[in-house]
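# An overview of the molecular structure
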Amino acid sequence: GGTALIDEALLEEVTALVEWPVPIAGRFEQRFLNLPREVVIATVQDHQRYFAVQDADGRLSGAFITVSNIESRDPAKVREGNERVVRPRLSDAAFFWEQDRKIPLDAHAQRLNGVTFQAKLGTYADKTLRVKALAALIGGRMGAPANVARAAQLAKADLMTAMVGEFPELQGIMGRYYALAQGEPAEVAWAIEEHYRPRFAGDALPASRTGQALALADKIDTLVGIFAIGQRPTGTKDPFGLRRAALGLLRILLEGGLEMDLIELIATAAAAQPVARDGVVDEVYEFIAERLRGMLMDEPATMVEMLDAVFANRPRSPLDAVQSLRALKEFLL
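Just so it is clear, the model here is predicted, and its values are computed rather than measured.

### Details of the environment of Leu 223
Within the element layout of this structure, Leu 223 appears in helix 10 (residues 209-228). Here Leu 223 falls in the buried class, since its relative accessible area comes to 0%. Sequence separation of Leu 223 and Leu 242 is 19 residues, and the distance between their C-alpha atoms is 6.0 Å. Setting aside residues up to four positions removed in sequence, Leu 223 forms contacts with Leu 242, Ala 245, Ala 246, Leu 249, Val 284, Phe 287 and Ile 288.

### Observations concerning the pattern of salt bridges
Applying the stated criterion across every chain, the model contains 25 salt bridges. A salt bridge links Asp 238 to Arg 243; the shortest N-O distance between them is 3.8 Å. A relative accessible area of 26% places Arg 243 in the partly exposed class. Members of the salt-bridge network, linked through shared partners, are Lys 127, Arg 130, Lys 156, Asp 218 and Asp 221.

### Re the pairing of strand 4 (residues 60-68)
Of all nine residues in strand 4, seven are buried, a share of seventy percent or more. Bridge count for strand 2 (residues 22-27) against strand 4 is six bridges, and the pairing is antiparallel. Looking across to strand 4, one finds that Pro 23 is bridged to Val 67. Both strand 3 (residues 51-54) and strand 4 contribute to a ladder of three bridges, which runs antiparallel. Paired with Ala 52 across the two strands is Phe 64, which belongs to strand 4. Here strand 3 folds back onto strand 4 in antiparallel fashion, the turn holding five residues, of which Gly 58 has a positive phi close to 85°.

### Here's the deal with the packing of aromatic side chains
In total, this model carries seven aromatic pairs according to the counting rule given. Considering the side-chain rings of Phe 117 and Tyr 124, the 5.4 Å spacing of their centres and the 70° angle between planes classify their relative orientation as edge-to-face. In this structure Phe 117 comes out as buried when scored by relative accessible area, which is 15%. One aromatic cluster is present, built from ring pairs that chain together Trp 97, Tyr 177 and Tyr 178. Directly above the ring of Phe 117 sits Lys 127, whose terminal nitrogen or CZ lies 4.7 Å from the centroid.

Rules used throughout
- Residues numbered from 1 in each chain as written.
- Predicted model: local features only at pLDDT ≥ 70, side-chain atom pairs only at ≥ 80, totals over all residues.
- Heavy atoms only, no water.
- Helix = DSSP H or I, 4+ residues; strand = E, 2+ residues; numbered from the N terminus.
- Buried < 20%, exposed > 50% of the residue type's maximum accessible area, 1.4 Å probe, protein only.
- Contact = heavy atoms within 4.5 Å.
- Salt bridge = Lys/Arg side-chain N within 4 Å of Asp/Glu carboxyl O.
- Pairing = 2+ DSSP bridges.
- Phe/Tyr/Trp six-rings, centres within 6.5 Å; stacked < 30°, edge-to-face > 60°.
- Lys NZ or Arg CZ within 6 Å of the ring centre and 35° of its normal.

What follows is the structure in structure tokens.
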């Protein structure tokens, strides 16, 4: 009566691991369903290579599918063995969930002083201060709630939790759960998760104004900081995900219809960096503008000459560049 949650990457991995695949259904205790959904799925998928199962209402059912590499004469023993193995994993996750909530996020955030973001750019606590100031500026420009600064203060705190230490892919997600558990406003909690978005091409964008402001600030700070120390992407190497950050901030601005002075924001971020370098504002702007040109080139009836005309005056707002291109097309075509 349930439906297996098929993660494509996991499906491909399991397919490569087995030569004689035999699916077997198992179950775990219902008490583990009190954990956040994402924690259960991460435990089942990442540690055990199992497929979680949800019921008709979309809730996890407490069942899982494992894939054996042999057609056993006693499937019940295989099922029992897999159920026995997954139990301590889920018990560990439940322990992390309980222990992490005993410490407020502010206390977790204070420990960021001991975690280096980048050797020349300081700790994650230093980055938090920069992002907090920039997010407040962006939030003021776009009319975001005043709680942007609070969201920025807690945005990276869950990096210090035991749960995220065990499941790094849950960063932001666990921050949301812990923020809600300690009574933070829903907008603050969701912004903590949303500021990582988009994580990959086609991923969902921040839905709240607070989340949008925080995501933009975090991405701009990373871009400017890494450029300031001379570590811009080269060829296929992009260890800090700067191309993804640039495309992400462009998607937030364009799909959110946000009119922002990009050069002002880059300059503000550059002034806050511990490393100052001449020309970094222009370099970051051109890097983002290149990504924007690529995005616009994919639109129908766009010609290189049109883009040259639009970008000749260095538009300060990506949204303005898009509107100018559309107006130019209407005029020419």
